[in-house]
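Below, each chain spelled out in residue letters.
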Amino acid sequence: MNKQETPTNTLPFDRIAKEPTAVFLDVTPAMAKAMLEHNTNNRGLRKHRVTNLAREMSRKQWLATGEAIKFDVKGVLLDGQHRLEGCVEAKITLKQQLIVTGLPEDSFTVIDSGMKRTNNDILNAAGIANGSAIAPVARLYGVVEAGMNPYRSDVRQLITRQDVVAWSEENVEILDWAVRLARTVYDKSGIGNRTALITLAVMANKKGHSREVVEQFFASLATGEGLAGSSPILALRSWFIKSGMKLGADASTIHFANCVNTFNSWIQGKIVRRYSALGRDHDLPVLIKA
């Protein structure tokens, strides 16, 4: 231990070491704060990352992954600042954290250079297929059901990976059906937005609409066959073809808003001769119950 450290910075391990040394310790908020005082040469702090981690910790969703809190040979913190800041903010002790000291000073240049796990990796590891398609659906569905604004990317990030996995595991069968149904429009017909279509199918079924009714909507949307000129489905299909593939940012949310709007109109038997698309400046419509 550095003899010049003040008592408030005392840690239950030797922060300064000549060679790599590892130890597992419970990290209290006070310990985390003391370690952060040696965070003198790290990357910029991402406040939203800290807030999300603190939220996960408070909800008991944060899990230790084995990734170490790292110090170099001079005792400078190299890695773990966001986790430690989250610990301080949440005021929760992190159990059995791996702490490594005595790393070369230049090891900071290669930390986090490996390929990060994607949502697809996480869901596949949990035995859930189509992870790349399902993860954004879980976030959009979760935000909409919570009554939050899905146009805000920071709000969508409130749905954690643990939330995504838990929701996906609870809805495996309906998600498998919804993914296959969306493919009839998105993959086979080349129109629409995958996330929006899957979310619509799941939500409509959960709102009490039978799968036969939802499948009828999707079949008509995919082909346009047999639709009257006043059909809201035909109007939405025409919008998909003309404008729906050029939306860029917020495409999934804008598509979802228009899919919900059209599904509601179709269920209510409304006549739509000229479609007026919804955008970011419109409130998100609520999908009606059966």
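In case you missed it, the structure is sitting above this.
Conventions we followed
Residues numbered from 1 in each chain as written. Predicted model: local features only at pLDDT ≥ 70, side-chain atom pairs only at ≥ 80, totals over all residues. Heavy atoms only, no water. Core = buried A, V, L, I, M, F, W, Y, C linked by side-chain atoms within 4.5 Å. Buried < 20%, exposed > 50% of the residue type's maximum accessible area, 1.4 Å probe, protein only. Helix = DSSP H or I, 4+ residues; strand = E, 2+ residues; numbered from the N terminus. Contact = heavy atoms within 4.5 Å. Phe/Tyr/Trp six-rings, centres within 6.5 Å; stacked < 30°, edge-to-face > 60°. Lys NZ or Arg CZ within 6 Å of the ring centre and 35° of its normal. Expected span 1.5 Å × (residues − 1). Pairing = 2+ DSSP bridges. Axes fitted to C-alpha atoms, helices over the stretch in contact; angles between N-to-C directions. Parallel < 35°, antiparallel > 145°, perpendicular 65-115°, else oblique. Left-handed = near helix turned anticlockwise from the far one by under 90°. Nonpolar A, V, L, I, M, F, W, Y, C, P; charged D, E, K, R; others polar.

Engineer: Quick one: what's the story with the nonpolar core, residue by residue and with numbers?
Structural biologist: Of all hydrophobic cores here, the largest spans 55 residues; its most connected members are Ile-198, Leu-200, Phe-217 and Phe-218. Elements with a minimum of two residues in this core: helix H5 (131–145), helix H7 (161–170), helix H8 (172–183), helix H9 (194–206), helix H10 (211–223), helix H11 (232–244) and helix H12 (251–267). The element contributing the most residues to this core is H5, with nine residues. Once residues within four sequence positions are removed from consideration, Phe-217 is found in contact with Leu-200, Ile-233, Leu-236, Cys-259, Thr-262, Phe-263 and Trp-266. One finds Ala-34, Met-35, Ala-90 and Leu-94 within the second-largest nonpolar core, a separate group that totals 21 residues.

Engineer: Explain the packing of aromatic side chains to me, and be specific about the residues and the numbers.
Structural biologist: Per the counting criterion, the structure on display carries seven aromatic pairs. Members of the aromatic cluster, joined through ring pairs, are Phe-217, Phe-218, Phe-263 and Trp-266. If you follow Arg-211 out to its NZ or CZ, it ends over the ring of Trp-177, 4.6 Å from the centre.

Engineer: Tell me about helix H2 (residues 47–58), residues and numbers included.
Structural biologist: Here H2 is 12 residues long and its end C-alpha atoms lie 16 Å apart, about the 16 Å a rise of 1.5 Å per residue gives. Within the span of H2, buried status applies to Val-50, Asn-52, Leu-53, Ala-54, Glu-56 and Met-57. Where H2 is buried, its residues touch helix H3 (81–90), strand E4 (94–103) and H7. Residue Lys-60 follows H2 closely and has a positive phi angle near 60°.

Engineer: For the pairing of E4, give the residues involved together with the corresponding values.
Structural biologist: The element E4 is largely enclosed, with a buried count of eight among its 10 residues. Relative to E4, strand E1 (residues 21–27) runs antiparallel, the two sharing six bridges. From the neighbouring strand, Leu-25 faces E4, where its bridge partner is Gln-97. Examined bridge by bridge, strand E2 (residues 69–72) and E4 share three bridges and lie parallel to one another. Bridge pairing links Lys-70 to Val-100 in E4.

Engineer: Residue-level account of the environment of Gln-268, with values.
Structural biologist: Mapped onto the elements of the fold, Gln-268 is located in the segment after H12. Taking the C-alpha atoms as reference points, Gln-268 and Ile-288, 20 residues apart in sequence, are found 9.4 Å from one another.

Engineer: Tell me about the packing of helix H1 (residues 29–36) against H3, and please be specific about residues and values.
Structural biologist: Where H1 meets H3, the closest approach of the two axes is 8 Å, and the angle between their N-to-C directions is 140°. With respect to each other, H1 and H3 are oriented oblique. Read as a crossing pair, H1 and H3 show a hand that is left-handed. From H1, Pro-29, Ala-32, Lys-33, Met-35 and Leu-36 reach across to H3, where they touch Gln-81, Leu-84, Glu-85, Cys-87 and Val-88. When its residues are assigned to classes, the contact of H1 with H3 shows seven nonpolar, one polar and two charged.

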